[in-house]
Amino acid sequence: MSKANLLDRRAVVSELLRDRKGAFAVGGLGASTYDIAAAGDHDRNFYLWGGMGGAVMIGLGLALAQPTLPVVVITGDGEMLMGMGSLATVGLQRPKNLSIIVLDNEAYGETGGQSSHTGGPADLVGVAKACGIGDSRSISTMAEVEAFASSLQDVTAGPRFASAKIDGANLERVLSSRDGTYIVNRIRGSVGHTPI
Amino acid sequence: MHARAETAASWPEEIFSILQRFEVRQVPYVPDAGHSELIERVLSSSSMRGIALTTEEEGVALLAGAWAGGQRGVLLMQSSGVGNCINMLSLVQIFRLPFLTLVTMRGEWGEFNPWQVPMGSNTQGILELAGIKVLRASHPDEVREVVEAGAAQAYNACTPTAVLLSQRLIGAKVFTK
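Each value, and the rule that gives it
- Residues numbered from 1 in each chain as written.
- Chains lettered and ligands numbered in written order.
- Predicted model: local features only at pLDDT ≥ 70, side-chain atom pairs only at ≥ 80, totals over all residues.
- Heavy atoms only, no water.
- Buried < 20%, exposed > 50% of the residue type's maximum accessible area, 1.4 Å probe, protein only.
- Helix = DSSP H or I, 4+ residues; strand = E, 2+ residues; numbered from the N terminus.
- Contact = heavy atoms within 4.5 Å.
- Pairing = 2+ DSSP bridges.
- Buried area = accessible area lost by both parts, 1.4 Å probe.
- Salt bridge = Lys/Arg side-chain N within 4 Å of Asp/Glu carboxyl O.
- Nonpolar A, V, L, I, M, F, W, Y, C, P; charged D, E, K, R; others polar.
- Polar contact = N/O pair within 3.5 Å; in protein donor to acceptor, adjacent residues only side chain to side chain.
- UniProt positions renumbered as here; feature names shortened; annotations may be inferred.
- Phe/Tyr/Trp six-rings, centres within 6.5 Å; stacked < 30°, edge-to-face > 60°.
- Lys NZ or Arg CZ within 6 Å of the ring centre and 35° of its normal.

*Asks:* Explain helix α1 (residues 9-18) of chain A to me, please; I cannot follow it from the model alone.
*Replies:* Residues three or four positions apart in an α-helix share a direction because the helix packs 3.6 residues into each turn. All names here are of chain A. Across the 10 residues that make up α1, a large majority, seven, are buried. The complete set of buried residues in α1 reads Arg9, Arg10, Val12, Val13, Glu15, Leu16 and Leu17. Here the buried face of α1 lies against β1 (24-27), α2 (31-38), β3 (71-76), β4 (98-104) and α7 (142-151).

*Asks:* Sorry if this is basic, but what is going on with the pairing of strand β8 (residues 160-165) of chain A here?
*Replies:* For a regular strand, side chains alternate in direction, first toward one face of the sheet and then toward the other. Residues and elements named next belong to chain A. The element β8 is largely enclosed, with a buried count of five among its six residues. Both β4 and β8 contribute to a ladder of six bridges, which runs parallel. Each residue of the ladder has a partner; that of valine 102, found in β8, is serine 163. Direction of pairing for strand β7 (residues 135-139) relative to β8: parallel, over a ladder of five bridges. Looking at β8, one finds that arginine 137 is bridged to alanine 162.

*Asks:* So what exactly am I meant to see when it comes to the interface of chain A and chain B here?
*Replies:* When the parts of a complex come together, some accessible area is lost, and that lost area is often used as the size of the interface. The interface is formed by 29 residues belonging to chain A together with 27 residues belonging to chain B. Where chain A abuts chain B, roughly 2200 Å² becomes buried across the two surfaces, and 64% of that area is made up of carbon and sulfur atoms. Its largest share of buried area at the contact with chain B, chain A owes to Met57(A), Arg188(A) and Ile196(A), together 23% of the area lost on that side. Where chain A touches chain B, the interface holds zero salt bridges. Those elements that provide at least two residues to the side of chain A that touches chain B are α3 (55-65), α5 (85-93) and α8 (180-190) of chain A. Counted by class, the side of chain A that touches chain B contains 15 nonpolar, 13 polar and one charged residues.

*Asks:* Just checking my understanding: could you explain the pattern of salt bridges for this structure?
*Replies:* If the charged atoms of two oppositely charged side chains come close together, the side chains can form a pair. Residues and elements named next belong to chain A. Evaluation of the coordinates by the stated rule reveals 15 salt bridges over all chains. Aspartate 35 is paired through a salt bridge with arginine 9; the nearest N and O atoms lie 2.7 Å apart. On the criterion of sequence distance, the pair formed by aspartate 35 in helix α2 and arginine 9 in helix α1 is long-range, its members being 26 residues apart. Both residues of the pair, aspartate 35 and arginine 9, belong to the buried class. Of the charged contacts in the structure, one is a salt bridge between lysine 165 and aspartate 104, with a shortest N-O distance of 2.8 Å. Here the residue lysine 165 occupies a position in strand β8, and aspartate 104 occupies one in strand β4, the gap between them amounting to 61 residues. According to the relative accessible area criterion, lysine 165 is partly exposed, its value standing at 31%. Among the ionic contacts, a cluster of salt bridges with common partners joins Arg9, Arg10 and Asp35.

*Asks:* Sorry if this is basic, but what is going on with the side chain of Ser176(A) here?
*Replies:* All names here are of chain A. Tracing the sequence through the fold places serine 176 in the loop between β8 and α8. Overall, serine 176 belongs to the buried group, its relative accessible area being 8%. Polar side-chain contacts of serine 176 include one of 3.2 Å to the side chain of tryptophan 49. Setting aside its immediate chain neighbours within four residues, serine 176 contacts Thr33, Ala37, Tyr47 and Trp49.

*Asks:* Just to check I follow, could you spell out the sheet that holds strand β2 (residues 45-46) of chain A for this structure?
*Replies:* Two modes of strand pairing occur in sheets, parallel and antiparallel, and in both the strands are linked by backbone hydrogen bonds. Taken in spatial order, the six strands of this open sheet run β2-β1-β3-β4-β8-β7 (chain A), and their pairing is parallel. What marks the edges here is a single partner per strand, and that holds for β2 and β7 of chain A.

*Asks:* Explanation requested: the UniProt feature "domain: Thiamine pyrophosphate enzyme TPP-binding" (unreviewed entry) in chain A in the structure shown.
*Replies:* The UniProt entry lists residues 47-146 of chain A under the feature "domain: Thiamine pyrophosphate enzyme TPP-binding" (unreviewed entry), expressed in the numbering used here. Secondary structure across residues 47-146 of chain A comprises 38% helix and 22% strand; the distance between its end C-alpha atoms is 23 Å.

*Asks:* How should the packing of aromatic side chains be read in this particular structure?
*Replies:* For any pair of aromatic rings, geometry is given as the distance between the ring centres together with the angle between the planes. Tallied over the entire structure, the rule returns three aromatic pairs over all chains. Here the aromatic rings of Phe46(A) and Phe95(B) are separated by 5.2 Å at their centres, their planes lie at 90 degrees, and the arrangement is edge-to-face. Linking Phe46(A) in strand β2 with Phe95(B) in the loop between α5 (90-94) and β5 (100-104), this pair reaches from one chain into another. According to the relative accessible area criterion, Phe46(A) is buried, its value standing at 1%. Consider the rings of Phe22(B) and Tyr155(B), whose centres lie 5.8 Å apart with planes at 40 degrees: the pair is tilted. Of the two residues, Phe22(B) is situated in the loop between α1 (11-21) and β1 (24-29) and Tyr155(B) in helix α7 (residues 140-157); the sequence distance between them amounts to 133 residues. The class of Phe22(B) is buried, set by a relative accessible area of 14%. Cation over ring: Arg178(A) sits above Trp49(A), and NZ or CZ is 5.8 Å from the ring centre. In this arrangement the basic side chain of Arg188(A) is found over the ring face of Trp67(B), its NZ or CZ atom lying 3.5 Å from the centre.

Following this line, the structure appears as structure tokens:
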């Protein structure tokens, strides 16, 4: 299903990462990881193929370890709903360099498009706000995506959260590496850590 | 309240020193009476960051991010929390994480609450099925040696390790009417 007034997920992610500079990008299990791969492979891409619900926490651990570099978690509504408590943990830790954006198609695209809670009453922006993430916004235009993309470079003003309602169309998968040790060691290498 | 084993040196303090020596930076935890002294110590430390979680599986994912960013961490939890981590523990193998968790045990040695027994009885087996090596400390005077060994194999040999701090060590939770 495709609606004209909704954002294109690949355009959103590609804009977020277009001028990423040193930013780390953490994907969620499913389509957001393909979207990050589609925007271009990068040493600091943290692709997830499992551990559903963990994307925000991976982003938090990374953000606390590298406080001067921007970290952006790009995940889906299903993945975010599973790890909703992690927004409370982020609200408590207040990492200034962490940004979270949910690509919300109100559905579980990976498993056949079943409706998610965000198509009903669940309001992730409201949850993030209520968890103490003051800068929590809904995004519905590419201009707002651009503004969010430049704000994530400000590592003194986070954490921030955004939810973008995106078109639910299934796009061709762009497959990243599935080798977790390679993915993590490549990120470690990019910040100067050698293998043990 | 807990009836604690009497000991001259406090074993939570010994654990803290070991974590300091291994340059542990991130300490995710779910509040737990057995870990309370260590948690207090971590929260007042300038080199470690104590990170309260809403559920233990958050801590596994957090430590994956920490490692990617170049920091070591340790997950503090109770045996009941191990059950909450099962799927997230996949990350430990997938990323070949230098994973260390310190688990205070319930459901054994004088347990009062039957609801703690099923998980407590299966904690070690579940960790081992998840590919994690399990060590156990039952007496105050062996805590240092066991935690030191666990930290060494986790951080130096990338061998994921859980140290179970037995209920005999911590003292069974006392319920009074």
